[in-house]
Number of protein chains: 2
Amino acid sequence: MQVDQNKSRRAVILECAARLFREKGYKATSMRNIAEAVGIQGASLYNHITGKQEILVELLMSIARLFTKEMNEINKSSLPAVDKLKRLISIHIRYTAEQTDAISIITSEWAHLEEPTLSEYLGLRNAYEEKFEQIIKECIADGTFENVNPKIALFSILSTLRWLYSWYGKQKNINPIELEQEMIHCLLMGLIKR
Amino acid sequence: MQVDQNKSRRAVILECAARLFREKGYKATSMRNIAEAVGIQGASLYNHITGKQEILVELLMSIARLFTKEMNEINKSSLPAVDKLKRLISIHIRYTAEQTDAISIITSEWAHLEEPTLSEYLGLRNAYEEKFEQIIKECIADGTFENVNPKIALFSILSTLRWLYSWYGKQKNINPIELEQEMIHCLLMGLIKR
DNA sequence: ACCTTTAACTAACGTTTGTTAGTTAGATAT
DNA sequence: ATATCTAACTAACAAACGTTAGTTAAAGGT
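As the structure is a prediction and not an experimental result, all values here were calculated from the model.

Trainee: I'm lost on the relation of the copies chain A and chain B in this one. Help?
Mentor: Relating one copy of the chain to the other takes a rotation about an axis and a shift parallel to that axis. When chain A is fitted to chain B, the best match, at an RMSD of 0.0 Å, comes from turning it 180° and sliding it 0.0 Å along the axis. What we have between these two chains is a two-fold relation. Among all residues of chain A, the one whose C-alpha sits closest to the rotation axis is Gly190 of chain A, at a distance of 1.7 Å. The fraction of interface residues of chain A whose copies in chain B are also interface residues reaches 100%, indicating that both copies meet through the same surface.

Trainee: What's the story with the nonpolar core in this structure? I'm lost.
Mentor: One broad rule of soluble globular proteins: the nonpolar side chains tend to lie buried together. Ranked by size, the top nonpolar core spans 138 residues in total, and within it Phe132 of chain A together with Phe132 of chain B carry the most contacts. Apart from the residues lying within four places of it in its own chain, the contact partners of Phe132 of chain A are Met71, Leu85, Leu88, Leu154, Ile157, Leu158 and Leu161 of chain A.

Trainee: Whenever I open this one, the pattern of salt bridges confuses me. Can you help?
Mentor: A side chain of one charge can pair with a side chain of the opposite charge if their charged atoms are brought near each other. All names here are of chain A. Applying the stated criterion across every chain yields a total of 20 salt bridges over all chains. For the salt bridge of Glu54 with Arg10, the shortest nitrogen-to-oxygen distance reads 3.9 Å. Note that Glu54 is positioned in helix α3 (residues 52–76) and Arg10 in helix α1 (residues 3–24), a separation of 44 residues in sequence. A residue is classified by how much of its surface remains accessible, and Glu54, at 23% relative accessible area, is partly exposed.

Trainee: What is the right way to look at the packing of aromatic side chains in this model?
Mentor: Working definition: an aromatic ring pair is given by the centre-to-centre distance plus the angle between the planes. Residue and element names in this part refer to chain B. The final tally for this structure, using the stated rule, is 15 aromatic pairs over all chains. Ring centres of Phe21 and Tyr26 lie 5.1 Å apart, and the angle between their planes is 70°; on these two criteria the pair is classed as edge-to-face. Both rings, one in Tyr128 and one in Phe132, keep their centres 6.0 Å apart while their planes meet at 70°; by these two values the pair is edge-to-face. Taken together, the positions of Tyr128 and Phe132, both in helix α6 (residues 117–141) and four residues apart, correspond to about one turn of that helix. Each of the two residues, Tyr128 as well as Phe132, counts as buried.

Trainee: Sorry if this is basic, but what is going on with the packing of helix α4 (residues 81–98) of chain B against helix α8 (residues 176–188) of chain B here?
Mentor: The description of two helices packed together rests on the angle between their axes and the distance between the axes. All names here are of chain B. In the contact formed by α4 and α8, the axes pass within 10 Å of each other and the chain directions differ by 130°. Considered as vectors, α4 and α8 are oriented oblique to each other. Here α4 and α8 pass one another in a crossing that is right-handed. Each of Leu85, Lys86, Ile89, Ser90 and Ile93 in α4 lies in contact with α8, whose residues at this interface are Leu179, Glu180, Met183, Ile184, Leu187 and Leu188. Grouping the constituent residues of the contact of α4 with α8 by class yields eight nonpolar, one polar and two charged.

Trainee: What should I look at first to understand the protein's contact with DNA strand C in this one?
Mentor: Not every one of the 19 residues close to DNA strand C is listed here, only the nearest: Arg9, Gln41, Asn47 and His48 of chain A together with Lys52 of chain B. Taking the atoms of DNA strand C that fall within 4 Å of the protein, sugar and phosphate contribute 57% of them. At 2.7 Å from a phosphate oxygen of DNA strand C is found a side-chain nitrogen or oxygen belonging to Arg9 of chain A. Separating a phosphate oxygen of DNA strand C from a side-chain N or O atom of Ser44 of chain A is a distance of 2.7 Å.

Trainee: Explain helix α7 (residues 150–162) of chain B to me, please; I cannot follow it from the model alone.
Mentor: Every α-helix carries 3.6 residues per turn, so stepping three or four residues along brings you back to the same face. Residue and element names in this part refer to chain B. Look at α7: 18 Å from first C-alpha to last across 13 residues, which is about the 18 Å you get at 1.5 Å a residue. Judged by how many residues are buried, α7 sits mostly within the fold: eleven of 13 residues are covered. Pro150, Ile152, Ala153, Leu154, Phe155, Ser156, Ile157, Leu158, Ser159, Thr160 and Leu161 are the residues of α7 that are buried.

Trainee: Would you mind showing me how to read the environment of Glu129 of chain B here?
Mentor: Among the structural elements, Glu129 of chain B can be located in helix α6. Spatially, the C-alpha atoms of Glu129 of chain B and Leu158 of chain B are 8.5 Å apart, while their sequence positions differ by 29 residues.

Trainee: Honestly, the interface of chain A and chain B in this entry has me stumped. Any pointers?
Mentor: Listed per partner, the contact involves 34 residues of chain A and 34 residues of chain B. Counting every contact that joins chain A to chain B gives zero salt bridges. Our enumeration of links across chain A and chain B arrives at eleven residue pairs in polar contact (both at pLDDT 80 or more). Among the elements of the structure, α7 (150–162) and α8 (176–188) of chain A are those that each provide at least two residues to the side of chain A that touches chain B. Across the side of chain A that touches chain B, the residue classes break down as 16 nonpolar, eight polar and ten charged.

Calculation criteria
Residues numbered from 1 in each chain as written. Chains lettered and ligands numbered in written order. Predicted model: local features only at pLDDT ≥ 70, side-chain atom pairs only at ≥ 80, totals over all residues. Heavy atoms only, no water. Least-squares fit on C-alpha atoms with pLDDT ≥ 70 in both. Contact = heavy atoms within 4.5 Å. Core = buried A, V, L, I, M, F, W, Y, C linked by side-chain atoms within 4.5 Å. Buried < 20%, exposed > 50% of the residue type's maximum accessible area, 1.4 Å probe, protein only. Salt bridge = Lys/Arg side-chain N within 4 Å of Asp/Glu carboxyl O. Helix = DSSP H or I, 4+ residues; strand = E, 2+ residues; numbered from the N terminus. Phe/Tyr/Trp six-rings, centres within 6.5 Å; stacked < 30°, edge-to-face > 60°. Axes fitted to C-alpha atoms, helices over the stretch in contact; angles between N-to-C directions. Parallel < 35°, antiparallel > 145°, perpendicular 65-115°, else oblique. Left-handed = near helix turned anticlockwise from the far one by under 90°. Nonpolar A, V, L, I, M, F, W, Y, C, P; charged D, E, K, R; others polar. Near = heavy atom within 4 Å. Polar contact = N/O pair within 3.5 Å; in protein donor to acceptor, adjacent residues only side chain to side chain. Expected span 1.5 Å × (residues − 1).

Okay, here's the thing in structure tokens:
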């Protein structure tokens, strides 16, 4: 029994599917498209996965759980709230660079999840956003931020981080460290008290 | 000949299609879905439109041309660059409120455009982004903004404005005027020299 | 040497897709 | 009154879809 090769084959399928889902979207990508990218026949995919939806679930939920875990670890720390935000920005940039395809899918294809996974995903997302907002409120409460509307600040920061993938990679002459510094500046400096 | 009713029927189809494209995506929305929303049979749609792609083209390009026109008018004015940015933010918020479905589609479904319309759309979008970036550069040149990376500032602002639709409307207790003020604050204050 | 497992294959299924063809009832124009 | 036009209908098409069934060749275990 070659568990190792089995797993790697499955990983290749997930990888190819992620790339195609990103390029064409979930619905526009057929099982035969994915199979062709892997180099096998469409029906052969079913030796490794139970169906198309399972691919989406696996790609999406693994990322969702990753961000949930990171958020929990940050909240366990005793960092000042504004440093928690900087860590979050840093994490978004890192995962966007490392797993661009999967990040792209979680941002733009989550609506194709079927129940009950859809509810599970939305639960994780809402929890993440609420914790994010809570940190922003802390920044206001401890006097670091001006008295901005926390929901608008949250939305402004999160939408930029989520759409990083569509833009990162096209810019050749930006290194990740500069990017991180500039984004912290653009996203947070408007909120910090002067 | 009832041109008026003909036009309104066509408008209803575009409206229903926009809503469905937004809710389920272009590929996941069938012609029969659209027809059902209108209250006719699928095949009857073809008395008013030439096909599914035409609906997407019409919805998308009308918005693209709208933003192109607004950008040109702003650039014709002799406003200070930072006020041009404020006008752009204002315009994005207004159209997002007025035409949420179409705005949603231009942000998330443009990739389903077929050639040659796809190239035409991307041309308009690139021109818009370049003019937007040029205004940011003006703000840096005239000393209003700090010496930030203009591409990162552009991306940060634009992604927030583009994703407004996914978020606006869920927030009951925010009026458009407050939203505009807060967004100008969140998006621009981090850039302005202190 | 024999049995089991793995992972590929071909063939086919029932459904849905976008679209076309042909028809028809009612409104409008002459 | 007759002809034309509009906008709906039913029926059907060919293609593509996700998926299932059954088969086969090779690899691994005993």
